Amino acid sequence: MTNLTVEATELTRLYGGREAVSNVSFNLKQGEVLGFLGPNGAGKSTTMKMLTGNLAPSAGSVKICGIDMIENPKEAKALIGYLPEMRPLYKEFTVDEYLTIAARLHRVSSGNIKKAVENAKERCGLGHMSKRLIENLSNGYQQRVGIAQAIIHSPMVVILDEPTVGLDPIQIRDIRALIREIGGEHSVILSTHILPEVEMVCDHVQIIDKGKLVFNGGIDVLKRQRVGNKLLIGFNNIPSVEDILKIKGVTEAEITDNNMMRVRFADDQDQNKAPHEAIVQAAVKNKWGLYQIAPDQTSLEDVFVQLTYQDAAAETMAEAA
Ligand code: ADP
């Protein structure tokens, strides 16, 4: 028995002959939180709609806990909880009334509805809001209600579209903690355009650009890309670029606007080959007055731009060939 909760295989969706999503494949396991990241128009919503059975793929398949979405849509959909970007809330109801309706819609048996509502409220920190009208709740609490309806039937897979958009920093912190907690039991897929959110909440990351996956891996792999193969070095008596380039392992060097030396070295996988020690030794020998040497962290934004840019560059090259 496999513990794969989502199997997306070569998902493709055409709109008017154009591929909005192209050949996207990935798997998700129980207890994993997957961040789905991409610029506007990349194909995130289209992919989510296919995963939740709201849009038929032009090619490819989706299986939820081994159940094929096209062959057995009812069974497959019953295993999913979904919070679309536009929250499906009926604001004239109280929290209890609305969650009771949501439980019925998700086919929770009548004997279990009360328990399901209580459980979802407790997990989402809504216990003290039971009798409040949804329209009178703050934005953050409305989002909790949206998440509560997505988990009310204890689905195996919870899919959340941009769950922290429009919230204030404290609400964002609370919702992220809630998502992590939900991820302990269920598989969670979360779309976002906020890179640090992915870093804080997710175990796995997928970056989609122009319908294609340009990154699919663990958050640790993404973080490693972020550290990269650059050092930022401060010298009181800054040497010339030529002097630094003589050091074994250094491939590029430049002086930054604030008079630091940025050094690039060859191999970002094997930190043993990095020239830190040789630089320190040369600094002592030549009295360069070294006062700082640290990894030059590429921001996640830079990693994102690099990944999406690489894709665009490869495409241009392919077209030119
Ligand atoms: P994202 O959610 O990443 O912003 P979408 O999945 O909404 O991206 O859109 C991906 C691409 O598909 C875009 O180029 C968009 O214009 C196009 N698209 C989305 N929905 C439709 C539709 N119903 N008809 C035609 N084109 C669409």
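Residues numbered from 1 in each chain as written. Predicted model: local features only at pLDDT ≥ 70, side-chain atom pairs only at ≥ 80, totals over all residues. Heavy atoms only, no water.

Some thoughts on the overall build of the protein
Then, number 1: Helix and strand counts for the protein stand at 11 helices and 14 strands.
Then, number 2: Taken along the three principal axes of its C-alpha coordinates, the protein extends 80 × 50 × 35 Å.
Then, number 3: The 321 residues of the protein split such that 46% are buried.
Then, number 4: Contacts spanning at least 24 positions in sequence make up 67% of the contacts within the protein whose residues lie at least 6 apart.
Then, number 5: Of the roughly 16400 Å² of accessible surface on the protein, a fraction of 50% belongs to carbon and sulfur atoms.
Then, number 6: Counting 35 positive and 40 negative side-chain charges, the protein places the centres of these two groups 4 Å from one another. (Helix = DSSP H or I, 4+ residues; strand = E, 2+ residues; numbered from the N terminus. Buried < 20%, exposed > 50% of the residue type's maximum accessible area, 1.4 Å probe, protein only. Contact = heavy atoms within 4.5 Å. Areas by Shrake-Rupley, 256 points an atom, 1.4 Å probe, with all protein chains shown as cover. Lys, Arg positive; Asp, Glu negative; His and termini not counted. Charge placed at Lys NZ, Arg CZ, Asp CG, Glu CD.)

With respect to the environment of Pro169
Then, number 1: Positionally, Pro169 belongs in helix H6 (residues 169-185).
Then, number 2: Distance in space between the C-alpha atoms of Pro169 and Gly249 is 43 Å, their sequence separation being 80 residues.

Topic: the pairing of strand S2 (residues 18-29)
Then, number 1: In terms of strand pairing, strand S1 (residues 4-15) meets S2 through 8 bridges, oriented antiparallel. Its bridge partner being in S2, Arg13 is matched across the sheet by Val21.
Then, number 2: Linking S1 to S2, which pair antiparallel, is a turn of 2 residues; within it Gly16 sits at a positive phi near 55°. (Pairing = 2+ DSSP bridges.)

Things to note about unusual backbone geometry
Then, number 1: With a phi close to 50°, Ser154 is a non-glycine residue in the positive phi region.
Then, number 2: Tracing the sequence through the fold places Ser154 in the loop between helix H5 (139-151) and strand S7 (157-161).

A short note on the packing of aromatic side chains
Then, number 1: Scanning the model with the defined rule gives 4 aromatic pairs in all.
Then, number 2: Note on Tyr90 and Phe93: the rings are 6.2 Å apart at their centroids and 85° apart in plane angle, and the pair reads as edge-to-face.
Then, number 3: Measuring from centroid to centroid gives 5.6 Å for Phe235 and Trp288, while their planes differ by 80°, and the two rings are edge-to-face. Taken together, the residues Phe235 in strand S11 (residues 230-235) and Trp288 in the loop between helix H10 (276-286) and strand S14 (290-295) connect sequence positions 53 residues apart. Just as Phe235 is buried, Trp288 falls in that class too.
Then, number 4: In textbook terms, an aromatic cluster arises when at least three aromatic residues are bridged by ring pairs, as seen for Tyr90, Phe93 and Tyr98.
Then, number 5: A cation over an aromatic ring shows up here: Arg144 above the ring of Tyr141, its NZ or CZ 4.6 Å from the ring centre. (Phe/Tyr/Trp six-rings, centres within 6.5 Å; stacked < 30°, edge-to-face > 60°. Lys NZ or Arg CZ within 6 Å of the ring centre and 35° of its normal.)

What about a nonpolar patch on the surface?
Then, number 1: A surface patch of nonpolar side chains, amounting to about 230 Å² of accessible area, comprises Val280, Val284 and Leu290.
Then, number 2: Residue placement: Leu290 occurs in strand S14. (Patch = residues over 30% accessible without salt bridge, like charges linked within 9 Å, V, L, I, M, F, W, Y side chains within 5 Å. Salt bridge = Lys/Arg side-chain N within 4 Å of Asp/Glu carboxyl O.)

Looking at the site of the ligand
Then, number 1: For the ligand, the full set of nearby residues is Tyr15, Arg18, Ala20, Pro39, Asn40, Gly41, Ala42, Gly43, Lys44, Ser45 and Thr46.
Then, number 2: Residue Gly43 places a main-chain N or O atom 2.9 Å away from an oxygen atom belonging to the ligand.
Then, number 3: Thr46 is positioned such that a nitrogen or oxygen atom in its side chain is 2.5 Å from an oxygen atom of the ligand.
Then, number 4: In isolation the ligand exposes 560 Å². Once the protein is present, 59% of that is buried.
Then, number 5: Elements supplying a minimum of two residues to the shell around the ligand: S2 and helix H1 (44-51).
Then, number 6: Counting residues per element, the shell around the ligand draws most heavily on H1, which supplies 3 residues.
Then, number 7: Counted by class, the shell around the ligand contains 4 nonpolar, 5 polar and 2 charged residues. (Near = heavy atom within 4 Å. Polar contact = N/O pair within 3.5 Å; in protein donor to acceptor, adjacent residues only side chain to side chain. Nonpolar A, V, L, I, M, F, W, Y, C, P; charged D, E, K, R; others polar.)

Overview of the domain arrangement of the protein
Interfaces are often sized by the amount of accessible area the parts lose when they come together.
Then, number 1: On domain assignment, one finds that the protein holds domain 1 (4-224) and domain 2 (229-295).
Then, number 2: Taken over C-alpha atoms, the centre of domain 1 sits 45 Å from the centre of domain 2. (Domains from an automatic or database assignment.)

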